[in-house]
Amino acid sequence: MTQQGIIKKLLPGGRAEVEVTRRSACGHDCAKCGGCGGLETQTLYVTARNHTDAGIGDRVLLEGESGHLLGLAALVYMLPLVLFFVGYAIGSVTGGGAAGALGGGVLFVIGIIGAILYSRKMKKNGEVPFEITHKL
């Protein structure tokens, strides 16, 4: 996965904060599609390893480790959903419909909290899935 961005801040440990403009996944022609309500772009700030001589204000090319990014996406999106269904099934078997909904809700929240804690741990340890590969 590659993306272009602009370095906004240099961080300790050979890292940089990069502003990335993420475009829509459907081809960037929102006027024709209208499916996403016209939200064409989104600005994100990501931390990336900076092994180049790029400085603040430089336009750079970022590469993401696809396997790592897919794993993070699975953690954030799939884990809470899977835990919801497990909790719903256990609650339904042990106490009926209301218990199923309660069990699903509780495990869903636990999944979200787990994803947040893992994200904070990654940030604290300086683990970043992006690397600046070229100065443009």
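Details of the structure are given in the entry above.
Summary of the structure given here.

Quick notes on the rules
- Residues numbered from 1 in each chain as written.
- Predicted model: local features only at pLDDT ≥ 70, side-chain atom pairs only at ≥ 80, totals over all residues.
- Heavy atoms only, no water.
- Helix = DSSP H or I, 4+ residues; strand = E, 2+ residues; numbered from the N terminus.
- Buried < 20%, exposed > 50% of the residue type's maximum accessible area, 1.4 Å probe, protein only.
- Polar contact = N/O pair within 3.5 Å; in protein donor to acceptor, adjacent residues only side chain to side chain.
- Contact = heavy atoms within 4.5 Å.

Re the environment of Val106
Looking at where Val106 falls in the secondary structure, it is placed in helix α3 (residues 97-125). You can call Val106 partly exposed: its relative accessible area is 42%. Linking Val106 and Leu83, residues 23 residues apart in sequence, is a C-alpha distance of 8.8 Å.

A look at the side chain of Asn50
Along the chain, the position of Asn50 falls in strand β3 (residues 41-50). Asn50 gets classed as buried once you look at its relative accessible area, which sits at 12%. One polar contact links the side chain of Asn50 to the main-chain carbonyl oxygen of Ala54, over a distance of 3.2 Å. Those residues in contact with Asn50, other than ones at most four positions away along the chain, are Ile7, Leu10, Gly14, Arg15, Ala16 and Ile132.

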